[in-house]
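Architecture at a glance
Here are the chains, one letter per residue:
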Amino acid sequence: MFSLPLEHGPLAPATARRAARPILASWGLDENQLYDALLVISELVTNAVTHALPPVALHLHTTTNGPGRVQVHVSDGGPHTASPTTSWATTRPTDEHGRGTTIITTLAHHTGTTPNTNNDNDTNTDTDGLIDHWADLGAA
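Residues numbered from 1 in each chain as written. Predicted model: local features only at pLDDT ≥ 70, side-chain atom pairs only at ≥ 80, totals over all residues. Heavy atoms only, no water.

A separate point is the nonpolar core. Formed by 27 residues in total, the largest nonpolar core has its most connected members in Leu6, Leu24, Ile41, Leu58, Leu60 and Val72. Of all the secondary-structure elements, those providing two or more residues to this core are β1 (2-6), α1 (12-26), α2 (31-51), β2 (56-63), β3 (69-76) and β5 (131-138). The element contributing the most residues to this core is α2, with 9 residues. Setting aside its immediate chain neighbours within four residues, leucine 24 contacts Leu29, Leu34, Ala37, Leu38, Ile41, Leu60 and Val70. (Core = buried A, V, L, I, M, F, W, Y, C linked by side-chain atoms within 4.5 Å. Buried < 20%, exposed > 50% of the residue type's maximum accessible area, 1.4 Å probe, protein only. Helix = DSSP H or I, 4+ residues; strand = E, 2+ residues; numbered from the N terminus. Contact = heavy atoms within 4.5 Å.)

Here it is as structure tokens:
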């Protein structure tokens with residue numbers, strides 16, 4: 001498992017991609033799988049910093065039993081009530097946003113959003129109460 005707290009701002013997607021690339025490569029993803037995973041990470045993180053409150057964190061999981069897969073999770077503080085026109089992402093041209101969810105659902109086997117209540121007896125509670133947006137991707 002890999003976890004990374006991220007800033008709540010425009011540099012977060014690039015930071016997440018840079019940190020995730022060597023982890024995903026060490027898990028055996030080929031170039032196409034790596035590209036898809038980094039794109040999904042970028043879109044999930046962008047959605048979190050555009051539409052949700054801080055904090056934002058990236059979590060990556062892999063499985064080794066059965067067909068391999070990578071789970072990308074981005075936790076955030078839930079929807080913000082500020083006007084969407086005040087978001088840093090909305091300063092971009094109109095044709096540059098609005099496709100993130102479609103990209104994620106196209107590349108992932110499964111996606112979802114769940115509240116993170118930490119009911120699995122895990123001792124890490126820094127994500128309790130956050131919203132978890134996730135995508136399951138095929139791996140090598």
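Another aspect to go through is α1. Taking 1.5 Å as the rise per residue, α1 with 15 residues should run 21 Å; its terminal C-alpha atoms sit 22 Å apart, in good agreement. Along α1, the sharpest kink reaches roughly 35°, centred on alanine 20 and followed within four residues by the proline proline 22. Restricting attention to buried positions, one finds in α1 the residues Ala12, Pro13, Ala16, Ala20 and Leu24. At its buried positions, α1 is contacted by β1, α2, β2 and β3. (Expected span 1.5 Å × (residues − 1). Bend = angle between axes of the 7 residues up to and from the residue.)

The amide bond that connects proline 54 to the next residue, proline 55, takes the cis arrangement and shows omega of 0°. Here proline 55 is to be found in the loop between α2 and β2.

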